[in-house]
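What the coordinates show
If you want the building blocks of each chain, they are given just below.
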Amino acid sequence: MTEGQVPVEEYKTGNTEHKWDLKKIKNAHKILAEYSYKKREIQKGYANHTLYVNLSTGEIKEKKVTEEMKKKFTGGRGFGLKLLWDSIKPTTHWNSEENELIITTGPLCGVTQYPGSGKSLCLTISPSTDIICDSNVGGYFGPYLKFAGFDALEIQGKAKEDVIIVVDGEKGKITIETAPKEETDSHLLAEQLTYMYASEDTDKSRQKISVVSAGKGAEHSYWGCLNFSFFDIRRKVPRLKQAGRGGLGTVLRDKKIKAIVAKVEEFDGVANNPADPKILTRIGTKLHKEIRDLDRHQCNMRTVGTVHLVEIMDEYDLLPTENYRFGSFPKASKIYSPKFYELFTQVIPDGCWHGCTMACAKAVDAFTVMTGPYKEQKVTVDGPEYETCGCGSNMSMWDPLWILEFNFYCDTYGLDTISTGTAIAFYMEMYEYGILNKERCNGLELCFGNADATLELMHRIAKGDKGEFIQVAGKGIRRVKDWLIKKGWGDSQLINDCGMESKGLEYSEYVTKESLAMQGGYGLTLKGPQHDEAWLIFMDMVNNAIPTFEDKAEALHYFPMWRTWFGLNGLCKLPWNDVEPANNAETDDPSKVPEHVQNYVEYQNAVTGWNVDKEELILQSERCYNWQRAMNVWLGRGRRKDDWIPYRSMGPVTELEYNSRKERYDKQLMEQLGLSEGEVEKMNTEEKIKLLYDYRQDRYQKLADAVYYRRGWTPNGVPTPQKMKQLGMDNPKMIKMLQQKINEDEKAGLNVWGGRYNKGKKPPSNDHKYWEKW
Amino acid sequence: MSLEVNGRTVDWVENETVKQLLKRVKYTFPLVVVKINDKVVPRKDFSESIVPDNSKIAVIHMIGGG
Ligand code: SF4
């Protein structure tokens, strides 16, 4: 036992205990459909079957995973894309009958020897964006789904009443059951189902259950997240990890699914049946040691999780405050990581899957809820993570306890903290400008820092309040922008510039004004502005390592490929580069952490028995990345206009913002736009903002030009048939569709570069149809 | 009497260590690789290594993010 660790038997959370008549609740279940299957061993990381459940028809069946499917789509998110392509139509919307909710695993998911190997990938057509959203999540469900016999779970159709789907890997049986009496909010529901489905009344038995759910907030907003549970054997509570982005929980509740339960028999460290367990153990042991020895001198994730980033972001002017107007704030030290360190219950290890030495999944036990339906109850709060703290600063909330309350209610209501926090921050700015007011907000004084009004808004969303504002607010920034403009309450440019969404999804919590590459990392993405494709702010803004458009484009090719690869395999990104080997600095390219890259090559080979090199790992990602973009095109999106970002993420929108960093911006006008000091002095702030506005928007267009070219796409952002064929993704229906869309763009005059190229500056290619020569 | 730190000009301070320089330019991120004139300074030497005048310094911040 590590120093400071509490013995399992001695630890008590102090949470409020619930007494439920679980027998009575279970007896109210009616079995609507059931299916028995033959249990089988996993072979080299694959269960070789996926599970299909149709809630409208009650059909449950298995589908075989072919070698061709593995070759083209690898697993995880790739399998999800393949299953979606086979099942939806270009006209499918998030609430269409045929839309699917897919949970996948990946060949490395479920390994316990290598840290960070328990991630599930979830996909659907998102209510926020109406294109594919993918979101990764910890907790035990993914590994258990695989151990129960399936690489993916695909749910189509809608139930007529609230149901649960049970994947019983112990009995080899799938059931769809009505669930009329269970709670809906996740912290209660996960507990009820964990106790209800455990084979015995022991913690060990409860640990073999994992529940996926979303609470009442997911029912009444587009911000629904999926909560994946894992039974924490030390705390003796089911804890919750979130697949947060894009409204996956909203789709779950739209299908009338209350929860999905996975149950397993015994499993051990080789349940994934790796081709070469010895190599796996060798590389796993090496990384465990590295994390144990070095984390405390590097990111300190084992002690405080990702909240260590709060102080760093504040110091680098990257912590969003007051709806991204500023990147630092005098009060920010009130929410630095030491404040949360005092609150976290230090009962390590805190991994969200077995064997994760990084153990960053921190929690606060016996937190006393201050408002709403659970007021005065004591609960375990999972987190907060950095992003949730960033939401606090973005709304100008500087009380760690308030952040815990926000975190708790977002989780149990099934609301994505990021979308909720970012959207409310925007509403607050609109309130400050008088575009919103108390009357327009259904009685809420939604100004920056109003902690009570913010929680009240969340409670009212969860209750399904019918107020006009409450209804539209829960649908997110894009819908609120349209609503405000339609009402004629404010200047449309100001509203569009301040609302931090792209593609309909809210931004995550980083200020990007001074990093063009990171603007691309948010905008030139598949699902929308989430930092899980690339996080390039330091490389770009601080290290100054990617100065040209071509350099940035290369980074926006390479790094998303790595992040995609983790999603194909069921891995967590954090052990890749949030810890580094002691000699990493001496390597050729420290930012890529070469030793860890080599680990991943050996890791995938050790599990699957393949013989791939690091170039092939990138190719695996490139295939799926391009496929997903092509599917977005098929769904009528995936073009340059869809990759546009609000100006607030490019530069200062208001005079207040400009003047708060006046020296910086004035200098840029001289150094980057070639103005003299005298010229700058003579200009008023409005004129200076206008100049920067044009300059920075043009830079973003030029970046898009370089990135599309590097990725093998047309100037309008469409993956070319030539590129798809090179990657071996030559499905005739897909190739035909892409050619058709390119022809349509051609007719509409859209196959042109977006940047202004003058004074000897050249676009990526002067050949109008460069891709046809590839 | 100056340094180039990540391509930007910074004043040189006599007898300043790498650790002090990082503090001065507000580079507080823990995962940094420091090179002085292309030569890596081991992290354990940050408190002792003196930054020479006119040197070119790369402070490579390793990517973090949640
Ligand atoms: S690093 Fe953290 S988030 Fe990733 S698998 Fe480990 S505990 Fe989970």
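Residues numbered from 1 in each chain as written. Chains lettered and ligands numbered in written order. Predicted model: local features only at pLDDT ≥ 70, side-chain atom pairs only at ≥ 80, totals over all residues. Heavy atoms only, no water.

A few words on the site of the ligand. G116, K119, G351, C352, C356, M358, C360, C572 and L574 of chain A make up every residue found near the ligand. In terms of residue class, the shell around the ligand is made up of six nonpolar, two polar and one charged. (Near = heavy atom within 4 Å. Nonpolar A, V, L, I, M, F, W, Y, C, P; charged D, E, K, R; others polar.)

This paragraph deals with the nonpolar core. Core analysis: the largest hydrophobic core is formed by 165 residues, its most contacted members being M313, Y427, F469, W562, Y600 and Y603 of chain A together with V34 of chain B. In terms of nonpolar packing, the next biggest core, distinct from the first, is built from 46 residues, V137, L145, V163 and A218 of chain A among them. (Core = buried A, V, L, I, M, F, W, Y, C linked by side-chain atoms within 4.5 Å. Buried < 20%, exposed > 50% of the residue type's maximum accessible area, 1.4 Å probe, protein only.)

Moving on, we come to the sheet that holds strand β11 (residues 226-232) of chain A. Residues and elements named next belong to chain A. Spatial strand order, β1-β9-β8-β13-β10-β11-β12: seven strands in an open sheet with mixed pairing. Each edge of the open sheet carries a strand with a single partner, namely β1 (31-36) and β12 (237-243). When the angles between neighbouring strand axes are averaged without regard to direction, this sheet yields 15°. Of the pairings in the sheet, the one linking strand β10 (residues 209-213) to β11 comprises two bridges and is antiparallel in character. (Pairing = 2+ DSSP bridges. Helix = DSSP H or I, 4+ residues; strand = E, 2+ residues; numbered from the N terminus. Axes fitted to C-alpha atoms, helices over the stretch in contact; angles between N-to-C directions.)

It is worth spelling out the domain arrangement of chain A at this point. A common way to express how large an interface is: the accessible area buried when the components associate. Residues and elements named next belong to chain A. Taken domain by domain, chain A consists of domain 1 (22-263), domain 2 (277-506) and domain 3 (516-773). Between domain 2 and domain 3, the C-alpha centre-to-centre distance is 26 Å. With 43 residues of domain 2 at the interface, the matching set in domain 3 holds 44 residues. Surface buried jointly by domain 2 and domain 3 totals about 3400 Å² across both partners, of which 62% is contributed by carbon and sulfur atoms. Of all residues in domain 2, E290, D497 and K503 bury the most surface against domain 3, accounting for 18% of the area lost on that side. Taken together, the links from domain 2 to domain 3 amount to six salt bridges. A salt bridge links D317 to R661, with the nearest nitrogen and oxygen atoms 2.8 Å apart. Inspection of the region where domain 2 meets domain 3 yields 17 residue pairs in polar contact (both at pLDDT 80 or more). Mapped by element, the contributors of at least two residues to the side of domain 2 that touches domain 3 are α9 (277-294), α11 (309-315), α15 (417-432), α19 (492-498), β16 (501-502) and β17 (505-506). Taken together, the residues of the side of domain 2 that touches domain 3 break down into 22 nonpolar, nine polar and twelve charged. (Domains from an automatic or database assignment. Contact = heavy atoms within 4.5 Å. Buried area = accessible area lost by both parts, 1.4 Å probe. Salt bridge = Lys/Arg side-chain N within 4 Å of Asp/Glu carboxyl O. Polar contact = N/O pair within 3.5 Å; in protein donor to acceptor, adjacent residues only side chain to side chain.)

This paragraph deals with the interface of chain A and chain B. On the side of chain B, 21 residues touch chain A, which itself brings 29 residues to the contact. For the pair chain A and chain B, the summed buried area comes to about 2300 Å², and 57% of that belongs to carbon and sulfur atoms. It is Y316, N543 and E580 of chain A in chain A that bury the most area against chain B; as a group they hold 21% of the surface buried on that side. Our count for the chain A to chain B interface comes out at one salt bridge. Where chain A packs against chain B, one counts ten residue pairs in polar contact (both at pLDDT 80 or more). Broken down by secondary-structure element, the contributors of at least two residues to the side of chain A that touches chain B are α11, α21 (537-542), α22 (549-569) and α23 (574-577) of chain A.

All names here are of chain A. Buried residues dominate β12, accounting for six of its seven residues. Pairing of β11 with β12, which is carried by seven bridges, proceeds in the antiparallel orientation. Note on β12: the bridge partner recorded for D232 is V237.

With respect to the helices and strands, N99 of chain A occurs in the loop between α3 (77-87) and β4 (101-104). Among the polar contacts listed, one links the side chain of N99 of chain A to the side chain of T124 of chain A, at a separation of 3.1 Å.

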